[in-house]
Amino acid sequence: MNHRAEVDLLREVIVHLKASRWTQAHDLVQQADSTGAAWLHGIVHIQEGDLEDAEHWYDRAGRNFRQRGSLAEEMAAFESDLRGWPAVG
């Protein structure tokens, strides 16, 4: 998957999360394989209440699960980070 397609996919995951469509969000986020996607995958698991899998995905993203913010803070941080990704590809 090229960079632009991944950014678009991750934005779509966020839309599904905000609309409480967990299954769609989870299905989509599994299609990407970057550290950013791993972080969002962890956020999806937090949203689902599956903290064990969330911690696994945070580890894959190189993020400290135990020092994360609230779900709202994590979503805001991810969206801010995603806006900083260069639009290439």
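Here the structure is shown first, and the text comes after it.
Everything quoted here is computed from the prediction, not taken from an experiment.

A. Just the overall build of the protein, in detail. Each helix and strand in the protein was counted, giving five helices and zero strands. Of the regular secondary structure in the protein, the N- to C-terminal order runs α-α-α-α-α. Rg of the C-alpha trace for the protein: 12 Å, near the compact-globule value of 12 Å for 89 residues, within the 12% margin. Summarising its shape, the C-alpha atoms of the protein cover approximately 35 × 25 × 20 Å along the three principal directions. Relative to its full complement of 89 residues, the protein shows a buried share of 38%. Taking the contacts inside the protein whose residues are at least 6 apart along the sequence as the reference set, 50% of them involve residues at least 24 apart. When the 9 positive and 15 negative side-chain charges of the protein are each reduced to one mean point, those points stand 6 Å apart.

B. Local environment of the nonpolar core. One finds Leu10, Val13, Leu17, Leu40, Ile43, Phe78 and Leu82 to be the most contacted residues of the largest nonpolar core, which totals 26 residues. At the level of secondary structure, the elements contributing two or more residues to this core comprise α1 (3-18), α2 (22-29), α3 (35-48), α4 (51-61) and α5 (71-83).

C. How the structure looks around the packing of aromatic side chains. This structure, assessed with the given rule, holds two aromatic pairs. Ring geometry for Tyr58 versus Phe65: centroids 5.4 Å apart, planes at 80°, classification edge-to-face. Classification of Tyr58 by relative accessible area gives buried; the value is 1%. Sitting over the face of the ring of Trp39, Arg63 holds its NZ or CZ atom 3.6 Å from the ring centroid. Taking NZ or CZ as reference, Arg68 lies 3.9 Å from the ring centre of Phe65, over its face.

Procedures and definitions
- Residue positions are given per chain, counted from 1 along the sequence in the order it is written.
- In keeping with the predicted nature of the model, local features appear solely for residues at pLDDT of at least 70, side-chain atom pairs appear and are counted solely at 80 or more, and the whole-chain, interface and lining totals rest on all residues.
- Neither water nor hydrogens contribute to the side-chain values; these are computed over all heavy atoms in the structure.
- Strands are runs of DSSP state E lasting at least two residues, helices are runs of H or I lasting at least four, and both sets are numbered from the N terminus onward.
- The reference for a compact globule is 2.2 Å times residues^0.38; the radius of gyration itself is calculated from the C-alpha atoms.
- For every residue, the accessible area (1.4 Å probe, protein chains only) is compared with the maximum for its type, and the residue is labelled buried under 20%, exposed over 50%, or partly exposed between those bounds.
- Contact definition: two residues touch when any of their heavy atoms are within 4.5 Å.
- Only four residue types enter the charge count: Lys and Arg as positive, Asp and Glu as negative, with His and the chain ends excluded.
- Charge positions come from single atoms, namely NZ of Lys, CZ of Arg, CG of Asp or CD of Glu.
- By convention a nonpolar core is built from buried Ala, Val, Leu, Ile, Met, Phe, Trp, Tyr and Cys residues, the set being connected through side-chain atoms within 4.5 Å.
- Working definition: a ring pair exists when centres of Phe, Tyr or Trp rings (six-membered ring for Trp) sit within 6.5 Å. Plane angles under 30 degrees give stacked, over 60 give edge-to-face, the rest tilted.
- A ring is scored as having a charge over it whenever the NZ atom of a lysine or the CZ atom of an arginine sits within 6 Å of its centre and within 35 degrees of its normal.

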